[in-house]
Amino acid sequence: MKPLNEMRLKIESRSVNEAFGRSVVAAFAAQLDPNVEEISDIRTAVSEAVTNCIVHAYANSVGPIYIWSGIYENGIIKIKIRDSGCGIEDVRKAMEPLYTTLGGERAGLGFAVMESFCDKVRVRSKKGIGTVVTLEKRIKGRDSDA
Amino acid sequence: MAIKIISSSARISIYLNGEIDHHNAAVIRYEADEAIQASMPKTVRIDFSNVSFMDSSGIGFVMGRFRLVNGYGGKVEVVGLSERLYSMMKLAGLEKLVKLEKKQEKGK
Ligand SMILES: Nc1ncnc2c1ncn2[C@@H]1O[C@H](COP(=O)(O)OP(=O)(O)OP(=O)(O)O)[C@@H](O)[C@H]1O
Ligand SMILES: [Mg+2]
């Protein structure tokens, strides 16, 4: 299905761009008139995916992160975060809560956070080629504020 | 992102302000650990009242401080959590390791 509206962004995998990436997507989502919680859900989920590109995909280098977002009927927003980094050997395992290959300051909760704040999270990855994370969320809007 | 640390012999209070992501976490981790290691207080209290955004880096920050403080027999308290941050901390099962306290809702 063709989106009603879409945007694209390419950023370098520098940690200073984390705030920029999530803010751009949140600003694009604003046309769906999301409530405060929904905006925070999107900002947080995008921050997780972008941070993973910086911390894992391009662990010892700087590479491009491609962000795409599309708006669909019924208040649906889809967001794709793609990298050409190291890829994930076992996606199912990577998505388990508390699973991390880094340890230390990483909680292993990025995917769990994305799943708790979005309706759908899809991950496609190939070792040595890269990873695409697709987030989908239906924005109910400000009228639905509790 | 800003961090303010108030330190007494038995207790350190860490006030976080602004957005906690992977980029910002490095600075607050450095400053927090320096203060904690200098006095090894019985209680380390981390106040999230003025945190406007947090991703899993904030959870990692609390887990990391728990490991450090627990290592010398101290305890960590996390206070000022919004409903959102509280539910994120619980994703990690942090309620079993540290005391979690929600923020007093304004006007209630
Ligand atoms: N874009 C990516 N490229 C390569 N590996 C990835 C990517 N995203 C995630 N991973 C792998 O999946 C694991 C789980 O990711 P997740 O975001 O859930 O946890 P984390 O990043 O390790 O910790 P946290 O997000 O809590 O800081 C990572 O440890 C890493 O091995
Ligand atoms: Mg992560």
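Keep in mind it's a predicted model, so treat the numbers as computed, not measured. Going along each chain's sequence as written, the residues are numbered from 1 onward. Each chain gets a letter, beginning with A, and each ligand a number, beginning with 1, in the order they are written. Totals for whole chains, interfaces and linings use every residue, but because this is a predicted model, local features are given only for residues with pLDDT of at least 70 and side-chain atom pairs only at 80 or more, for both listing and counting. Just so you know, side-chain values use all the structure's heavy atoms and leave hydrogens and water out.

S.K.: Let's hear about the interface of chain A and chain B: which residues, and what values?
M.R.: It is common to report an interface's size as the accessible area lost on association of the parts. Taken together, the contact pairs 26 residues of chain A with 21 residues of chain B. Here the buried area means the combined drop in accessible surface, using a 1.4 Å probe, for two parts upon being joined, counting both sides. In this assembly, chain A packs against chain B so that about 1,900 Å² is buried in total across both faces, 51% of it on carbon and sulfur atoms. One side-chain nitrogen of Lys or Arg within 4 Å of one carboxyl oxygen of Asp or Glu is enough to make a salt bridge. Linking chain A to chain B there are seven salt bridges. For Glu105 of chain A, the salt bridge identified is with Arg65 of chain B, shortest N-O distance 2.9 Å. In the analysis that follows, any N or O atom pair within 3.5 Å is treated as a polar contact, provided that within protein one partner can donate a hydrogen and the other can accept it, and provided that, for residues neighboring in sequence, both atoms belong to side chains. Linking chain A with chain B are 13 residue pairs in polar contact (both at pLDDT 80 or more). By the criteria applied, helices consist of DSSP H or I runs no shorter than four residues and strands consist of E runs no shorter than two, each listed in order from the N terminus. If you list the elements that add at least two residues to the side of chain A that touches chain B, you get helix H1 (18–29), helix H2 (36–57) and helix H4 (110–117) of chain A. The dominant element in the side of chain A that touches chain B, judged by the number of residues it contributes, is H2 of chain A, at ten residues. Residues are grouped as follows: nonpolar covers Ala, Val, Leu, Ile, Met, Phe, Trp, Tyr, Cys and Pro; charged covers Asp, Glu, Lys and Arg; every other residue, Gly included, is treated as polar. Grouping the amino acids of the side of chain A that touches chain B by side-chain chemistry returns ten nonpolar, eight polar and eight charged. Residues count as neighbours in contact if any of their non-hydrogen atoms are within 4.5 Å of one another.

S.K.: So what about the site of ligand 1? Which residues, and what values?
M.R.: For each residue, the test is whether any non-hydrogen atom lies within 4 Å of the molecule or strand; if one does, the residue is near. Around ligand 1, the surrounding shell holds 20 residues, and the nearest of these are His56, Thr100, Thr101, Arg106 and Leu109 of chain A. One finds residues of chains A and B in close proximity to ligand 1. Between Ser56 of chain B and ligand 1, the recorded distance is 3.0 Å, taken from a side-chain N or O atom to an oxygen atom. In isolation ligand 1 exposes 600 Å². Once the protein is present, 96% of that is buried. Breaking the shell around ligand 1 down by element, the ones donating at least two residues are H2 and H4 of chain A. With four residues, H2 of chain A is the single largest residue contributor to the shell around ligand 1. Taken together, the residues of the shell around ligand 1 sort by class into eight nonpolar, nine polar and three charged. Here the open area of atoms and residues is found with the Shrake-Rupley method and a 1.4 Å probe, where only the protein chains shown may cover a residue.

S.K.: Kindly report on the packing of H4 of chain A against helix H3 (residues 83–91) of chain B, identifying the contributing residues and their values.
M.R.: Axes are the key here: two packed helices are described by the angle between their axes and the distance separating the axes. Where H4 of chain A contacts H3 of chain B, the two axes come as close as 11 Å, and the packing angle between them is 135°. Judged by the inter-axis angle, H4 of chain A sits oblique to H3 of chain B. With respect to the hand of their crossing, H4 of chain A and H3 of chain B are arranged in right-handed fashion. Of the residues in H3 of chain B, those in contact with Ala112, Val113, Ser116 and Phe117 of chain A of H4 of chain A are Arg84, Met88 and Leu91 of chain B. Across the contact of H4 of chain A with H3 of chain B, the residue classes tally to five nonpolar, one polar and one charged. Only the contacting stretch of a helix is used when fitting its axis, a line to C-alpha atoms as for every element, and angles between N-to-C directions run 0 to 180 degrees. Between 65 and 115 degrees an angle is taken as roughly perpendicular, under 35 as roughly parallel, over 145 as roughly antiparallel, and anywhere else as oblique. Each crossing gets its hand from how the near helix is turned against the far one by less than a right angle, where anticlockwise is left-handed and clockwise is right-handed.

S.K.: Account for the sheet that holds strand S1 (residues 5–12) of chain A, naming residues and giving values.
M.R.: Residue and element names in this part refer to chain A. Spatially, the five strands line up as an open sheet ordered S1-S2-S3-S5-S4, and their pairing is antiparallel. Each edge of the open sheet is held by one strand with a lone partner, namely S1 and strand S4 (120–126). Adjacent strand axes in the sheet meet at a mean angle of 10°, parallel and antiparallel pairs treated alike. Pairing between strands is defined by DSSP: at least two bridges between the two strands are required. The pairing of S1 with strand S2 (residues 64–72) spans eight bridges and is classified as antiparallel.

S.K.: If you had to explain H4 of chain A to someone new, which residues and values would you point to?
M.R.: At 3.6 residues per turn, the α-helix brings residues three or four places apart onto the same side. Each residue is assigned to one of three classes by its accessible area relative to the maximum for its type, calculated with a 1.4 Å probe on protein chains only: buried under 20%, partly exposed between the two thresholds, exposed over 50%. Counting buried positions along H4 of chain A gives six out of eight residues, so the element sits mostly inside the fold. Residues of H4 of chain A that are buried make contact with H2, helix H3 (91–94), S4 and strand S5 (130–138) of chain A together with helix H2 (56–71) and H3 of chain B.

S.K.: I'd like a rundown of the pattern of salt bridges, residues and numbers included.
M.R.: Applying the stated criterion across every chain yields a total of 17 salt bridges over all chains. When the shortest N-O distance is used, the salt bridge between Arg22 of chain A and Asp21 of chain B registers 2.9 Å. One end of the pair, Arg22 of chain A, is in helix H1; the other, Asp21 of chain B, is in the loop between strand S2 (11–20) and helix H1 (22–39), on a second chain. Members of the salt-bridge network, linked through shared partners, are Arg22 and Arg43 of chain A together with Glu19 and Asp21 of chain B.

S.K.: Describe in detail the side chain of Asp33 of chain B, supporting the description with residues and values.
M.R.: When you line up the elements, Asp33 of chain B lands in helix H1. Given the relative accessible area of 16%, Asp33 of chain B is considered buried.

S.K.: Quick one: what's the story with the environment of Asn17 of chain B, residue by residue and with numbers?
M.R.: Residues and elements named next belong to chain B. Summarising the element assignment, Asn17 is placed in strand S2. With relative accessibility at 39%, the residue Asn17 sits in the partly exposed group. For the pair Asn17 and Asp47, spaced 30 residues apart in sequence, the C-alpha separation works out to 8.9 Å. Look past the residues within four positions of Asn17 in its chain and what remains in contact with it is Met1, Ala2 and Asn50.

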